[in-house]
Number of protein chains: 2
Amino acid sequence: MRISVLVAVLFLAITHVVAQEKLIGFTLRHASKQLELEKKFDSMVSAANQDTWMKFLTSRPHHVGSIQGKANAEYMANLFKQWGYETEIAMYYVLFPTPKSRLLELLGDAPYRAKLEETTVEGDRTSGQKSEQLPSYNAYSADGDVTAELVFVNRGIPADYEVLERMGIDVKGKIVIAKYGGSWRGIKPKVAAEHGAIGCIIYSDPKDDGYVQGDVYPKGPFRPQQGVQRGSVMDMPIYPGDPTTPGYGSTKEVKRLAREDVHTIMKIPVLPISYEDALPLLSSLTGEVVPDAWRGGLPITYHVGPSISKVRLALKFNWDIKPLYNVIAKMKGEAYPDEWVIRGNHHDGWVNGASDPISGMVAEMEEARIIGELSKKGFKPQRTLVFCAWDGEEPSLLGSTEWVEDHAVELKQKAVAYLNSDGNSRGYFGFGGSHALELFFNEVARDVKDPETGVSVGERRYAKMLVDADPSSLSKIIGQKNLTIEALGSGSDFSPFFQHLGIPSANIGYGGEGDGGEYHSIYDSYDHFIRFKDPGFQYGSALVKTAGRSMLRLANADVLPFEYTTLVNTISGYVTELKTSLDQMRVETTAENKLIKDGFFDLAKDPQHSLANPKIKEAVPYLDFSKLDNAMIQVEETSTQLSALLQESLSLNPIKVEVLNSVLFHAEQQLLDEKGLPRRPWYKHMIYAPGLYTGYGVKTIPGVREGIEQRNWKEAQEFIEVVAARVLNFNQALQKGVAAFK
Amino acid sequence: MRISVLVAVLFLAITHVVAQEKLIGFTLRHASKQLELEKKFDSMVSAANQDTWMKFLTSRPHHVGSIQGKANAEYMANLFKQWGYETEIAMYYVLFPTPKSRLLELLGDAPYRAKLEETTVEGDRTSGQKSEQLPSYNAYSADGDVTAELVFVNRGIPADYEVLERMGIDVKGKIVIAKYGGSWRGIKPKVAAEHGAIGCIIYSDPKDDGYVQGDVYPKGPFRPQQGVQRGSVMDMPIYPGDPTTPGYGSTKEVKRLAREDVHTIMKIPVLPISYEDALPLLSSLTGEVVPDAWRGGLPITYHVGPSISKVRLALKFNWDIKPLYNVIAKMKGEAYPDEWVIRGNHHDGWVNGASDPISGMVAEMEEARIIGELSKKGFKPQRTLVFCAWDGEEPSLLGSTEWVEDHAVELKQKAVAYLNSDGNSRGYFGFGGSHALELFFNEVARDVKDPETGVSVGERRYAKMLVDADPSSLSKIIGQKNLTIEALGSGSDFSPFFQHLGIPSANIGYGGEGDGGEYHSIYDSYDHFIRFKDPGFQYGSALVKTAGRSMLRLANADVLPFEYTTLVNTISGYVTELKTSLDQMRVETTAENKLIKDGFFDLAKDPQHSLANPKIKEAVPYLDFSKLDNAMIQVEETSTQLSALLQESLSLNPIKVEVLNSVLFHAEQQLLDEKGLPRRPWYKHMIYAPGLYTGYGVKTIPGVREGIEQRNWKEAQEFIEVVAARVLNFNQALQKGVAAFK
């Protein structure tokens, strides 16, 4: 059925019907039909399928370029085809380094050569597949053979180097050792290199990821002493994807940057190690005892260093171009074939990758299977559905980024929304993304049952939020209407869609109860998953229902279910945050500068553990927010107007749904700035980006926020104006929506 | 010189003189004379004396009843006599249990017998005095031989048992193991017994007290793996002193309670152990992983228990009556021989006790020596000086309490103030006590030079406070006029003077830079002290100057230097705190009860790690604070008036200094209530007491505060009125002071 003229458009229009019946973007009649469809969908969900597919997909290591990786893509492509999808394997060719040789040793009187080996574990059937496993390493580390004293740098983030400087420790010419955590791993070697370090070791401290958290594998789910977290250290906050093809697809014959011209590959050798291997290195450190917050869970006194004995770190990599196998499966929409609703999860793992990524991948497959079955029985989606299985996410969102860059023009035109997942486990519904989707996902969460409690997953998540809240703030949040959608930084395949192209995106999944320490190790296996992460795929099935109905609603909605007052209010909140943090920074800077100048730091210090004074900081100026404030006033008014019109639309004259849809369709793209963020033009969304010094962690209104945080006042001021211009642009788009009612 | 009529009384009267010249309680002329005297005093301070005396006093273990303990008392008494003091050794006879046998073992498949032995350490000359050392134990543990499963109870405070209950763990019939810290040690077995445990083990976790803090002895100052913290577990928050003679002196022939009738001796066997001995016990625990905040620094996963294998704890004690040797040395005051300014520090240690207590004791001795020398050259204090060296502080403030109880009537009449110290080390000036002394100690701190920086110890402490403050609150505290005197709980010999008799008291000392893990172990030795705690007795000498000039000022002041507006404002602050905490409790209770009733806890919980819901709590009523509020209004007015009169007194008619002194002298005693606190009548001060469930930690306005905390609303209401009555009583005393000006 093709709907060209729609009499009534409902957002939350009718107050006297049963709550269950309201669906954002649907007429009442279509909402009932949709809910019928979803009921059918739910009844078809199979845990056994997920189990079968996971067994196959995790049966051998399936990293980029592996035999199993290709086999997995073909296996999935075949299934998608069987289910009735137009399916292709979209291949790209990317720079993917793998280790040729790895050596880490402590020299001197008590020498130690790091084992760098995760051992086979009893009861884990795949942990012994030695010949196919990628050794533990950080992808896009530099080649190098360095020998130097060792310094402990805590998490290795900029704030840690401020402390080191006050302790009189310079890492220039040294090798640093940092704990995992506190930032995305790639930040650690980047900041180390910025401070002159010549090598970087990253280890999993048992306080964060090991026996302090709980019993270790195989007794319990946590990281055993020999477990290592692999992972990329490419400078993804600059741009993800193949580092040799920034901004365009890595097709077979494409022109590439020479490796020397790539700025996102780490400049120093970097190696991740286990806490067993870290112990002798950390024990060798002398110097001051580290600050309280830096201490880990190993049974030693943590010293900052340097070590008396030197450490040698020697790494060589194969810098090969490897093929990627993205599986792209389409089901054409009946009414709007050129409006694409896209779903993705990656399929490559660092080793066997059961939890990360296959648990999410098999849910997506089950969604596709059911929709395929339904379509064989006559169901037709109104919009086109696209199911993707990305390759090469682990090294640097390779598969998704190259595909998105390769199809950028088409996607900006056709992509309605992108829905990502990346693994799944027992627990609570989590969702992040564009705030235009907050209301939409609240409705989805209302309509999916939690397997453990039988209430909706929204209710359960709400209960968790209340129970975890500080009791003194409880009275404020009890009764809060909607669950808040989190802002997205990076760390998975939504980045190219969302932050590069401005396509409304979300990342969803369940978690919080399936704790473990298997992440990016050989222990992320089928055996580990079914014991600890999601026995019986109960939450896998919940994800199928959640993502499946999200896809169906996005595909079938009469009007696209984007709600812009929430987005606008959220942006307003960010603006207030920026002003508050600037004011607070000013107060603190003034006070701290006074303490330094008046000699209080000199008086307070212990002469036996002498800390240098902090440096006098430049005074924090007042910035001119007026342009942004004025733009916000306008867009607040317009979005409120638009919402009201949509809600009251029952009593209005018929409107053209196409006009409205076309406004909503591309509105979020108006928040992009083609020049992008400072020093990283690939990131074009002016509201959301991963932090330059946090990695996965989000920075909202990043141009301004990072300007302030880095005390680059000029840039912050400049970006206040850039953001204001984009907000006005966005406002104009919404005004077209308002006009559609006239 | 006897001053009977004083023309002018100055508090901070004259604004146009050099700041240095103002001294609370002194006329300007007397202030200069006093400052001259203090200059002389300072010039006579010898570090070498402190070193010599410490060497002798710590040469062998000197606990209650030891040969060295008696020898030390006689050594000090002889010196005091030589310095010109009327000196006596005041003996008491007290119940002091010592171990006869100690056994702790883990039974089962992997048995372990605890070593219970602190080993001799290289470079520490007294750690090998095995035959004289008191074995590691907790004094006033019950005798007992118990075998049961083991449960880990974190700190063993009431809040921990609420968590245990939610985890489904009952300690009834079990042996508990608790970490030191989070409360005074005696609270742990008391609360364990209240919950039905039959034995209690307390250990020093390396996270709090061991290698996590820094390098362990002898490499660094921190607690080595075999180190044990001895200490009393008598229920001192009920009453301190000999448990068989509550409220009266334990003289030789006095009638005593039978041991069975004593309620303050622990009801279950209790034993402190090292972290080396704790490791196999903790490793044997099964059950849930403990909450995050409970985790310690041992390289294991901490489980709550119970253990599969049982633990046996068998303890027998000699329940002997031992003699105590308090040294009391007096120098008669010229003008006011019946006004006593009292100084004390204890001399008994758990073993060699260099830091605790001898570092404070030798400072006191040096003060007494110099004043003795000065008096030989003609100096006469106006008031009587009393220097005390207490025995038996460690087991339960035995020496001070018995002496105070024995001389209660005389002390209430004659004691002007009591100044305590209890060990000393490098660092910052710390002072706690009656808020009537806040201004006094600010002046003292202004006039003593910090050895490390050359500024006053007040300035340094102020700098430390600013540098440690949260940067966002800095702007509020920069420029704060006075350092705040801390409220005193218990833990040293000021308790009987202050909380039993209402004598304005203070506890002072330096610390914060002389970190270590020697506390109550055989490693608290001369060798440890001079390496780590206060090399060269620099801060020992600072303490001599601080306490010495405090004694001289209290002795020579024209008018007693008590400033009551600060005390009254502080009490007002406490009243506001009580109201705020009651309101906050009400909001939180209402919100949490709602979460429980509405089923949010049920929904949020992880069924695989099931926590029971918290219990519904009784609603928090509104209490009637009006009587106390009205009393506060009156006393605020009177104290302000009195202060103003004292400050303007230069322009007033001459007043009788005796009248004024007599008002100030006993004013704080008016805050006592003879019936004392609920269920602990020995504690009579209505403003300050150690907490019933914190031990050393202070509870201000304890009758009301603990009533609220324990949700005993009736008692809280009752004590609002009791406190109001005492405040009115205090107000009447101050009104007499005001009247003296008329």
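What you are looking at is a predicted structure, and each value in this text was computed from that prediction instead of being measured.

1. A few points about the interface of chain B and chain A
Stage number 1. Taken together, the contact pairs 39 residues of chain B with 39 residues of chain A.
Stage number 2. Secondary-structure elements contributing two or more residues to the side of chain B that touches chain A are helix H12 (457–468), helix H13 (474–477), helix H17 (564–597) and helix H18 (600–604) of chain B.
Stage number 3. Counting residues per element, the side of chain B that touches chain A draws most heavily on H17(B), which supplies seven residues.
Stage number 4. The residue makeup of the side of chain B that touches chain A, split by class, is 21 nonpolar, seven polar and 11 charged.

2. Focus on the environment of A:Glu21
Residues and elements named next belong to chain A.
Stage number 1. Following the sequence through the fold, Glu21 ends up in the loop between strand E1 (5–6) and helix H1 (28–43).
Stage number 2. In this structure Glu21 comes out as partly exposed when scored by C-beta crowding, with 13 C-beta atoms within 10 Å.
Stage number 3. Remark: the alpha-carbon pair of Glu21 and Thr52, spanning 31 residues in sequence, is separated by 35 Å.
Stage number 4. Other than its neighbours up to four places away in sequence, Glu21 contacts Leu28, Ala31 and Ser32.

3. Structural notes on the sheet that holds strand E8 (residues 199–203) of chain B
Residue and element names in this part refer to chain B.
Stage number 1. Overall, parallel pairing links the four strands, which are arranged E6-E7-E8-E10 in an open sheet. Looking along the sheet, the strands with just one partner apiece sit at the ends: strand E6 (150–152) and strand E10 (270–273). Averaged over all pairs of adjacent strands, the angle between strand axes in this sheet comes to 25 degrees, irrespective of strand direction.
Stage number 2. Pairing analysis gives four bridges linking E8 to E10, with the strands arranged parallel. Note on E10: the bridge partner recorded for Tyr203 is Ile273.
Stage number 3. Helix-sheet contacts for helix H5 (residues 187–194) involve strand E7 (175–179), E8 and E10, and the interaxial angle to E8 is about 150 degrees.

4. Considerations on the nonpolar core
Across soluble globular proteins, nonpolar side chains show a tendency to be buried alongside one another.
Stage number 1. Membership of the largest hydrophobic core comes to 145 residues, with the highest contact counts inside it found for A:Phe80, A:Val327, A:Val341, A:Tyr418, A:Leu628 and A:Val723.
Stage number 2. Beyond its immediate sequence surroundings of up to four residues, A:Val341 is in contact with A:Arg383, A:Thr384, A:Leu385, A:Val386, A:Val416, A:Ala417, A:Met551, A:Leu554 and A:Ala555.
Stage number 3. Residues B:Val457, B:Leu628, B:Leu664 and B:Leu671 belong to the second largest nonpolar core, which totals 144 residues.

5. Structural notes on the relation of the copies chain B and chain A
Stage number 1. Each copy of the sequence occupies a distinct position, and chain B is placed on chain A by a rotation of 180 degrees and an axial shift of 0.0 Å, giving an RMSD of 0.0 Å. Taken together, the rotation angle and the small translation identify this as a two-fold axis.
Stage number 2. Taken together, the interface assignments show that 100% of the residues at the interface of chain B recur at the interface of chain A, consistent with an identical surface on both copies.

6. Quick look at helix H19 (residues 626–647) of chain A
Residue and element names in this part refer to chain A.
Stage number 1. The terminal C-alpha atoms of H19 lie 31 Å apart, and with 22 residues this matches the ideal 32 Å at 1.5 Å per residue to within 8%.
Stage number 2. If you check which residues of H19 are buried, you get Leu628, Ala631, Met632, Val635, Thr638, Ser639, Leu642 and Leu646. Down the axis of H19, the buried set is contained in an arc of 140 degrees. They therefore lie on one face. Residues of H19 that are exposed and angled more than 90 degrees away from the buried face: Ser626, Asn630 and Ile633.
Stage number 3. Buried residues belonging to H19 abut helix H17 (564–597) and helix H22 (713–740).

7. Some details on the domain arrangement of chain A
Residues and elements named next belong to chain A.
Stage number 1. If you check the domain split of chain A, you get domain 1 (60–93 + 322–561), domain 2 (100–318) and domain 3 (565–740).
Stage number 2. Of note, the centres of domain 1 and domain 2, computed from C-alpha atoms alone, are 30 Å apart.
Stage number 3. At the interface, 35 residues of domain 1 touch 38 residues of domain 2.
Stage number 4. Elements with a minimum of two residues in the side of domain 1 that touches domain 2: strand E2 (86–106), helix H8 (393–396), helix H9 (398–406), helix H14 (494–500) and helix H15 (526–533).
Stage number 5. At five residues, the largest contribution of residues to the side of domain 1 that touches domain 2 is made by H9.
Stage number 6. Class assignment for the residues of the side of domain 1 that touches domain 2 results in 14 nonpolar, 13 polar and eight charged.

8. Here we look at the pairing of strand E2 (residues 86–106) of chain B
Here is the key point about a regular strand: its side chains alternate between the two faces of the sheet.
All names here are of chain B.
Stage number 1. Pairing of E2 with strand E11 (residues 311–331), which is carried by 20 bridges, proceeds in the antiparallel orientation. Pairing of Met91 across the sheet is with Tyr325, part of E11.
Stage number 2. Both E2 and strand E3 (residues 112–113) contribute to a ladder of two bridges, which runs antiparallel. Along E3, the bridge assignment pairs Glu105 with Arg113.
Stage number 3. Between E2 and E3, which pair antiparallel one after the other, the connecting turn spans five residues, and Gly108 there sits at a positive phi close to 90 degrees.

9. What about the packing of helix H21 (residues 702–709) of chain A against H22(A)?
Residue and element names in this part refer to chain A.
Stage number 1. Where H21 meets H22, the axes come as close as 8 Å, and the angle between the chain directions of the two elements is 165 degrees. For the element pair H21 / H22, the angle class is roughly antiparallel. In this structure, the crossing between H21 and H22 has a hand that is left-handed. Each of Gly703, Val704, Gly707 and Ile708 in H21 lies in contact with H22, whose residues at this interface are Glu715, Ala716, Phe719, Ile720, Val722 and Val723.
Stage number 2. Class assignment for the residues of the contact of H21 with H22 results in seven nonpolar, two polar and one charged.

10. Structural notes on the sheet that holds strand E10 (residues 270–273) of chain A
Residues and elements named next belong to chain A.
Stage number 1. Strand order in the open sheet formed by four strands is E6-E7-E8-E10, and the pairing between neighbours is parallel. Strands at the two margins of the open sheet, each flanked by one partner only, are strand E6 (150–152) and E10. Ignoring strand direction, the axes of neighbouring strands in this sheet form an average angle of 25 degrees.
Stage number 2. Here three bridges tie E6 to strand E7 (residues 175–179), and the two strands are oriented parallel to one another. When the sheet's bridge partners are listed, Phe152 is paired in E7 with Ile177.

11. A look at unusual backbone geometry
Stage number 1. Of note, the bond from B:Tyr217 into B:Pro218 is cis; its omega dihedral lies within 30 degrees of zero at 10 degrees.
Stage number 2. Put simply, B:Gly305 and B:Pro306 share a cis peptide bond, and its omega is 0 degrees.
Stage number 3. The phi dihedral of A:Asn154 falls on the positive side, at around 60 degrees, and the residue is not glycine.
Stage number 4. Mapped onto the elements of the fold, A:Asn154 is located in the loop between E6 and helix H4 (158–166).
Stage number 5. Unusually for a residue other than glycine, A:Phe537 sits at a positive phi of about 50 degrees.
Stage number 6. Secondary-structure assignment places A:Phe537 in the loop between H15 and helix H16 (538–556).
Stage number 7. The exposure class assigned to A:Phe537 is buried, which follows from the 27 C-beta atoms found within 10 Å.

12. Digging into the packing of H17(A) against H19(A)
Residue and element names in this part refer to chain A.
Stage number 1. Their axes nearest at 9 Å, the elements H17 and H19 cross at an angle of 160 degrees. Put simply, H17 runs roughly antiparallel to H19. Once H17 is placed against H19, the crossing between them reads as left-handed. Contact with H17, carried on its side by Tyr564, Thr565, Val568, Ser572 and Val575, involves Leu628, Met632, Val635, Glu636, Ser639, Thr640, Leu642 and Ser643 of H19 and no other residues of that element.
Stage number 2. Residue composition of the contact of H17 with H19, by class: seven nonpolar, five polar and one charged.

What counts, and at which threshold
- Residues numbered from 1 in each chain as written.
- Chains lettered and ligands numbered in written order.
- Predicted model: local features only at pLDDT ≥ 70, side-chain atom pairs only at ≥ 80, totals over all residues.
- Contact = placed C-beta atoms within 7 Å.
- Helix = DSSP H or I, 4+ residues; strand = E, 2+ residues; numbered from the N terminus.
- Nonpolar A, V, L, I, M, F, W, Y, C, P; charged D, E, K, R; others polar.
- Buried ≥ 20, exposed ≤ 12 C-beta atoms within 10 Å, placed from the backbone.
- Pairing = 2+ DSSP bridges.
- Axes fitted to C-alpha atoms, helices over the stretch in contact; angles between N-to-C directions.
- Core = buried A, V, L, I, M, F, W, Y, C linked by C-beta atoms within 7 Å.
- Least-squares fit on C-alpha atoms with pLDDT ≥ 70 in both.
- Expected span 1.5 Å × (residues − 1).
- Arc of directions from axis to C-beta.
- Domains from an automatic or database assignment.
- Parallel < 35°, antiparallel > 145°, perpendicular 65-115°, else oblique.
- Left-handed = near helix turned anticlockwise from the far one by under 90°.

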